Amino acid sequence: MAVRVSMKVNGKAVSGEMEERTLLVTFIREHLRLTGTHVGCDTAQCGACTVIMNGRAVKSCSILAMQAEGADITTIEGVAAPDGTLHPMQAAFKEHHGLQCGFCTPGMVMNAIDFARRNPNPTEQEIREALEGNLCRCTGYHNIVKSIAAGARAMAAAK
Amino acid sequence: MRAFQYHRPASLAEAAALAARPEAKLLAGGQSLVQAMKLRLASPSDVVDLGALKDLAGIKTDGRTLTIGAMTRHAEVAESAEVKKAIPALAQLAGMIGDRQVRAMGTLGGSIANNDPAADYPAAVLALDAVIHTNKGRHDVGTFFKGLYETALAPGEIITAVEFRIPQRAAYMKFKNPASRFAIVGVFVADFGGGNVRVAVTGAGPCVFRQTEMEKALAAKFDPASVASIKVSPAGLNSDLHASAEYRAHLVTVMAKRAVEAALK
Ligand SMILES: Cc1cc2nc3c(=O)[nH]c(=O)nc-3n(C[C@H](O)[C@H](O)[C@H](O)COP(=O)(O)OP(=O)(O)OC[C@H]3O[C@@H](n4cnc5c(N)ncnc54)[C@H](O)[C@@H]3O)c2cc1C
Ligand code: FES
Ligand code: FES
């Protein structure tokens with residue numbers, strides 16, 4: 001049966017009709033056509049589907065779209081400034097080569113933004129622990145960790 | 001995932017009426033249930049989302065007990081100043097569950113209702129002599145965890161809160177599966193004073209259990225040496241590709257020793 005869901009995505013009110021079993025990631029990618037949020041595993045392991053919901057990073061492949069009714073969602077499309085200037089965390093990933101193929105990157109960046117907001121000056125160990133739910137098949141993580149350390153500093157400085 | 005009817009009740013009474021439907025399932029964070037539905041391990045006719053019941057989330061303490069609402073997320077417990085003050089080991093345990101995205105959604109009620117043999121919270125609930133409050137009354141923890149994925153909850157019964165007894169000191173140590181972060185073995189040790197010590201073990205067997213030999217030894221002397229020499233029998237423990245029963249039995253002693261050390265710090 002079709003149901004209607006309404007939420008705020010990247011600052012804009014959106015709503016759509018869909019089947020009740022629709023996942024949040026499917027709603028974001030296929031209904032809203034925001035394809036920056038990726039599906040790597042579909043089993044809550046890889047974190048490629050990470051978005052920020054009501055101020056916390058979550059895996060959108062493991063949430064029904066209906067669970068996000070009324071929620072405030074930010075996806076990777078919503079973090080850069082309107083003029084295209086990268087978010088400090090995105091800029092840090094670019095600067096420190098925190099990506100290779102880029103598939104995991106949207107999820108890495110969204111998780112890192114939420115993490116850095118709560119922990120403006122993280123240690124390397126804390127960053128590595130924060131990445132437990134994000135897998136990268138390319139980089140070996142070293143440059144991702146460096147990127148997040150730099151991105152967190154830049155976010156704190158921009159406040 | 002098979003089709004279902006989705007409900008988002010605004011009151012506990014409404015949720016209970018919907019949950020009483022024969023093939024209905026309650027939905028908390030969805031971190032276990034949505035995955036199970038995708039795999040068609042669960043195919044409920046009705047999904048009753050507890051997400052709108054704000055009264056089911058929250059943390060309060062009266063100095064003797066700490067009560068946490070069923071819908072309180074793992075991340076909230078891990079970060080709570082109240083939990084850190086009353087039972088720091090419980091905040092630490094919540095911060096060790098899965099990863100930060102899972103902790104942002106997963107709930108206490110969902111974890112103990114699911115009763116995964118490798119879940120962390122059941123060890124705390126059992127060691128901290130908790131009372132499980134539901135819409136129908138209360139369960140003592142001694143009779144709550146019944147077996148593999150099995151609890152004393154009646155079909156459709158809704159956990160509302162868990163009331164933990166505050167110990168004098170406690171600690172949780174987990175040897176985690178590096179891929180899933182679930183416990184290969186986790187041991188929660190709680191000392192309530194006056195020779196009342198409880199030791200709960202998760203991950204090792206089909207269901208969380210108390211290690212009474214260790215409890216007795218620790219009641220006599222709360223010291224790592226009291227448990228270090230206790231040999232746990234592998235009989236009835238889990239054997240799988242992650243660890244043999246013998247290895248798990250060995251880990252129970254190692255984790256218990258480390259937990260006592262941590263509790264003394
Ligand atoms: C990648 C990953 C890693 C994880 N790692 C760990 C780990 O290291 N340790 C660990 O302990 N867990 C781990 N988990 C499980 C996680 O903690 C889940 O959040 C938890 O098991 C279920 O909580 P939930 O709120 O998501 O419940 P849901 O998935 O929504 O529900 C689970 C079950 O509980 C029932 N239920 C939910 N709420 C209630 C209620 N109030 N009353 C009665 N029944 C209810 C539901 O009907 C369902 O059967 C992991 C999960 C994932 C996806
Ligand atoms: S696609 Fe969601 S965690 Fe991998
Ligand atoms: S950059 Fe390729 S998966 Fe991370």
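Keep in mind the model is a prediction, meaning the values are calculated, not measured.

Caption draft 1: A look at the packing of helix H2 (residues 88-95) of chain A against helix H3 (residues 105-118) of chain A. Residue and element names in this part refer to chain A. Orientation of H2 relative to H3, taken along the N-to-C sense of each, is 125°, at an axis distance of 9 Å. One finds that H2 runs oblique with respect to H3. Regarding H2 and H3, the two cross each other, and that crossing is right-handed. When H2 is examined against H3, the residues Met-89, Gln-90 and Phe-93 are found in contact with a partner set consisting of Thr-105, Met-108, Val-109, Ala-112, Ile-113 and Ala-116. Looking at the contact of H2 with H3, its residues break down into seven nonpolar, two polar and no charged.

Caption draft 2: Looking closely at the layout of surface pockets. The volume enclosed by the second largest pocket comes to roughly 730 Å³. Lining of the second largest pocket is provided by 24 residues; of these, A:Glu129, B:Ala78, B:Gly95, B:Arg100 and B:Arg103 occupy positions nearest its centre. Here the lining of the second largest pocket gets four residues from one element, more than from any other, and that element is helix H5 (residues 88-95) of chain B. Residues that form the lining of the second largest pocket fall into these classes: nine nonpolar, three polar and 12 charged.

Caption draft 3: Focus on the packing of H2(A) against helix H5 (residues 142-158) of chain A. All names here are of chain A. Between H2 and H5, the shortest axis-to-axis distance is 8 Å and the interhelical angle comes to 140°. When the axes of H2 and H5 are compared, the crossing they make is right-handed. Seen from H2, the contacting residues are Pro-88, Met-89, Ala-92 and Phe-93; seen from H5, they are Ile-144, Ser-147, Ile-148, Ala-150, Gly-151, Ala-152, Ala-154 and Met-155. Class assignment of the residues belonging to the contact of H2 with H5 gives a composition of 10 nonpolar, two polar and no charged.

Caption draft 4: Region of interest: the interface of chain B and chain A. Residue-level contacts link 29 residues of chain B with 29 residues of chain A. Across the interface of chain B and chain A, roughly 2,400 Å² is buried in total on both sides, 51% from carbon and sulfur atoms. Looking only at chain B, the three residues that lose the most surface to chain A are B:Tyr6, B:Arg100 and B:Gln101, adding up to 29% of its buried area. At the junction of chain B with chain A, the criterion picks out five salt bridges. Between A:Asp42 and B:Lys38 there is a salt bridge, with the nearest N and O atoms lying 2.8 Å from each other.

Parameters and conventions
Residues numbered from 1 in each chain as written. Chains lettered and ligands numbered in written order. Predicted model: local features only at pLDDT ≥ 70, side-chain atom pairs only at ≥ 80, totals over all residues. Heavy atoms only, no water. Axes fitted to C-alpha atoms, helices over the stretch in contact; angles between N-to-C directions. Helix = DSSP H or I, 4+ residues; strand = E, 2+ residues; numbered from the N terminus. Parallel < 35°, antiparallel > 145°, perpendicular 65-115°, else oblique. Left-handed = near helix turned anticlockwise from the far one by under 90°. Contact = heavy atoms within 4.5 Å. Nonpolar A, V, L, I, M, F, W, Y, C, P; charged D, E, K, R; others polar. 1 Å grid on protein atoms, 1.4 Å probe; cavity = no way out; pocket = protein on both sides within 12 Å on 5 of 7 lines; lining within 4 Å. Points joined across faces, edges and corners; volume = space filled by probe spheres on them. Buried area = accessible area lost by both parts, 1.4 Å probe. Salt bridge = Lys/Arg side-chain N within 4 Å of Asp/Glu carboxyl O.

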